[in-house]
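Residue-level listing of the chains:
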Amino acid sequence: MAFTTATALIDRQALVDNFNRVKAFAPKAKVLAVLKANGYGHGLERIAQALPQADAFGVARLDEALALRAAGVIKPIVLLEGFFAEQDLPVLAVNNLQTIIHNRQQLTAITEAELEKPLKVWLKIDTGMHRLGISPEEFDDFYQTLSASDNVEADIVLMSHLGCADEPENPATNTQLALFEQLTSAYDNEKSLANSAGCYAWPQTRYDWIRPGLILYGVSPMAAPEQSAQSLGIKPVMTLQSSLIAVRPLKAGEAVGYGGAWSSPEDTIIGVIAIGYGDGYPRHAGNGTPVLVNGRRVPLVGRVSMDMITVDLGKNSGDQVGDLAILWGQGLPVEEVALYATTIPYELLCNITRRVQIEVI
Ligand SMILES: *Cc1c(COP(=O)(O)O)cnc(C)c1O
């Protein structure tokens, strides 16, 4: 016997196809591929190496950028939250890393640092999301101060981030766009506004640099289920799978798993699949969450355990121990599983844990 344990298949061709699809939305824009949180759970270095077409990579933390450099990645890398300490600045210079500036502490640190060479800077303006970014009133002051600094390269990229682009009817995106335009139209600097949802649904936000994350991994960034990955023309890069390690008959009324939280209304057959929250499968996935067993949708029943889940195979099941189960990916969008787990696909993907085996296909 040899059963598949929890495994994430990573489809490199799907990644490249998705990249090309995104590029087709915005043929003139350069692409900053977002790889934070371990490449949305797909592997930081692995995804960088599989995307030689990208113009730059975006990460959230210095450690992620240094891991990419250590892996031999020489492309531009942008720290999307900027640097966290002034001591980081020489490290950025040595490793040729670009930084966002979004607050006054960073502005002071970069202008007062002693650096061997100037850094490339992206100036982040808050246009309405009210998370990171300088206020519109601060823009001129920040821009002038950065422009005057020997520590800053001349071609500052002007950027902002969209809070509601996943909802095509939400007026917030046009409000953000109008403010960004108003502040930056007089500058011929490069500009950047679009996340995945912007790339797809908001053509005017594409500017010079698009910043796709989720969409590259073949998952729809849009809120409405009808705007599925398939309808966007993208394919899941990750397929999470494991196998049945037990198949057992269950009598009507018998309870399954911790807390006896679920019992069957009729005689049935229960399958036990070797994957659980210790692998990153969401513990909040409720009864009825779909799982593909031998290509057939069956409902999850009972509580998710650390290492296992239980599914109702139905009383006519012919499934065998060792048969394959797909938790999400090919044939079962992670978007759908996320709805059952009352979360978003982003969280499911980046919660994949270290013990999940990776198989690049
Ligand atoms: C994470 C992030 C993105 C990518 O977001 P997606 O919704 O995954 O496309 C783009 N820009 C910034 C600044 C980010 O932090």
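Nothing here was measured: the structure is a model prediction, and the numbers come from that model.

1. Here's the deal with the side chain of serine 305
So, point 1. Locating serine 305 in the fold gives a position in the loop between strand S15 (296–301) and strand S16 (309–312).
So, point 2. Beyond its immediate chain neighbours, meaning those up to four positions away, serine 305 contacts Tyr258, Gly276 and Tyr277.

2. As for the environment of valine 121
So, point 1. Mapping valine 121 onto the fold places it in strand S6 (residues 121–124).
So, point 2. On the basis of relative accessibility, which here comes to 0%, the residue valine 121 falls in the buried class.
So, point 3. Sequence separation between valine 121 and valine 78 is 43 residues, and the spatial gap between their C-alpha atoms is 8.7 Å.
So, point 4. In this view, valine 121 contacts Thr99, Ile101, Ile110, Leu146, Val152, Asp155, Ile156 and Val157; residues no more than four positions away in its chain are not counted.

3. Observations concerning the pairing of strand S10 (residues 238–250)
So, point 1. Relative to S10, strand S1 (residues 7–10) is paired through four bridges, and the arrangement is antiparallel. Among the inter-strand pairings, alanine 8 is bridged to a residue of S10, identified as leucine 240.
So, point 2. Here S10 pairs with strand S17 (residues 324–328) via four bridges, running antiparallel. Among the inter-strand pairings, glutamine 241 is bridged to a residue of S17, identified as isoleucine 326.
So, point 3. Bridge count for S10 against strand S13 (residues 268–273) is six bridges, and the pairing is antiparallel.

4. Examining the site of the ligand
So, point 1. Around the ligand, the structure places Val34, Lys36, Tyr40, Leu80, His161, Asn195, Ser196, Arg211, Pro212, Gly213, Leu214 and Tyr346.
So, point 2. Here an oxygen atom of the ligand sits 2.6 Å away from a polar atom, N or O, in the side chain of lysine 36.
So, point 3. The side chain of serine 196 places a nitrogen or oxygen atom 2.5 Å from an oxygen atom of the ligand.
So, point 4. Across the complex, the protein chains shield 92% of the 380 Å² of accessible surface that the ligand would expose by itself.
So, point 5. Broken down by class, the residue content of the shell around the ligand amounts to six nonpolar, four polar and two charged.

5. What about helix H1 (residues 12–25)?
So, point 1. With 14 residues, H1 extends 20 Å between its outermost C-alpha atoms, agreeing within 8% with the 20 Å of an ideal straight helix rising 1.5 Å per residue.
So, point 2. Its buried side turned inward, H1 meets strand S2 (30–34), helix H3 (44–50), helix H9 (196–201), strand S9 (209–210) and helix H10 (229–232).
So, point 3. Sitting at the head of H1, aspartate 11 places a side-chain oxygen 3.1 Å from the backbone nitrogen of glutamine 13.

6. Regarding the UniProt feature "domain: Alanine racemase C-terminal" (unreviewed entry) in the protein
So, point 1. Mapped onto this numbering, the UniProt entry annotates "domain: Alanine racemase C-terminal" (unreviewed entry) at residues 237–361.
So, point 2. What you have in residues 237–361 is 10% helix and 37% strand, and the ends, taken at the C-alpha atoms, are 10 Å apart.

7. Focus: the packing of aromatic side chains
So, point 1. Applying the stated criterion across every chain, the model contains nine aromatic pairs.
So, point 2. For the pair phenylalanine 25 and tyrosine 200, a centre-to-centre distance of 5.5 Å together with 65° between the ring planes defines the contact as edge-to-face. In this pair, phenylalanine 25 sits in helix H1 while tyrosine 200 sits in helix H9, placing the two residues 175 residues apart along the sequence.
So, point 3. Relative accessible area serves as the criterion here: at 15%, phenylalanine 25 is assigned to the buried category.
So, point 4. Aromatic ring contacts, followed pair by pair, group Tyr40, Tyr217 and Tyr346 into a single cluster.

8. A look at a nonpolar patch on the surface
So, point 1. Together, Met1, Phe3, Ile245, Met308 and Val321 line one region of the surface with nonpolar side chains, adding up to about 490 Å² of accessible area.
So, point 2. A relative accessible area of 35% places methionine 308 in the partly exposed class.

9. Focus: the packing of helix H6 (residues 104–112) against helix H7 (residues 139–148)
So, point 1. Contact geometry for H6 and H7: axes closest at 10 Å, N-to-C directions at 15°. Judged by the inter-axis angle, H6 sits roughly parallel to H7. Handedness of the crossing formed by H6 with H7: left-handed. Contact residues: Arg104, Leu107, Ile110 and Thr111 in H6; Asp141, Phe142, Thr145 and Leu146 in H7.
So, point 2. Of the residues belonging to the contact of H6 with H7, the class tally is four nonpolar, two polar and two charged.

10. Quick word on the UniProt feature "active site" (unreviewed entry) in the protein
So, point 1. In this structure's numbering, the residues bearing the UniProt feature "active site" (unreviewed entry) are Lys36 and Tyr258. These annotated residues cover 223 residues of sequence, and their C-alpha atoms reach 34.9 Å apart at the extremes, leaving them scattered rather than at a single site.
So, point 2. With respect to the helices and strands, the residue lysine 36 is situated in helix H2 (residues 36–40).
So, point 3. When near neighbours in sequence (up to four residues on either side) are disregarded, lysine 36 contacts Gly58, Val59, Ala60, Glu64 and Leu80.
So, point 4. In this structure, tyrosine 258 sits in the loop between strand S11 (255–256) and strand S12 (262–263).
So, point 5. For tyrosine 258, a relative accessible area of 59% corresponds to the exposed category.
So, point 6. Non-local contacts of tyrosine 258, meaning those with residues more than four positions away in its chain, are made with Arg303 and Ser305.

Rules used in this analysis
Residues numbered from 1 in each chain as written. Predicted model: local features only at pLDDT ≥ 70, side-chain atom pairs only at ≥ 80, totals over all residues. Heavy atoms only, no water. Helix = DSSP H or I, 4+ residues; strand = E, 2+ residues; numbered from the N terminus. Contact = heavy atoms within 4.5 Å. Buried < 20%, exposed > 50% of the residue type's maximum accessible area, 1.4 Å probe, protein only. Pairing = 2+ DSSP bridges. Near = heavy atom within 4 Å. Polar contact = N/O pair within 3.5 Å; in protein donor to acceptor, adjacent residues only side chain to side chain. Areas by Shrake-Rupley, 256 points an atom, 1.4 Å probe, with all protein chains shown as cover. Nonpolar A, V, L, I, M, F, W, Y, C, P; charged D, E, K, R; others polar. Expected span 1.5 Å × (residues − 1). UniProt positions renumbered as here; feature names shortened; annotations may be inferred. Phe/Tyr/Trp six-rings, centres within 6.5 Å; stacked < 30°, edge-to-face > 60°. Patch = residues over 30% accessible without salt bridge, like charges linked within 9 Å, V, L, I, M, F, W, Y side chains within 5 Å. Salt bridge = Lys/Arg side-chain N within 4 Å of Asp/Glu carboxyl O. Axes fitted to C-alpha atoms, helices over the stretch in contact; angles between N-to-C directions. Parallel < 35°, antiparallel > 145°, perpendicular 65-115°, else oblique. Left-handed = near helix turned anticlockwise from the far one by under 90°.

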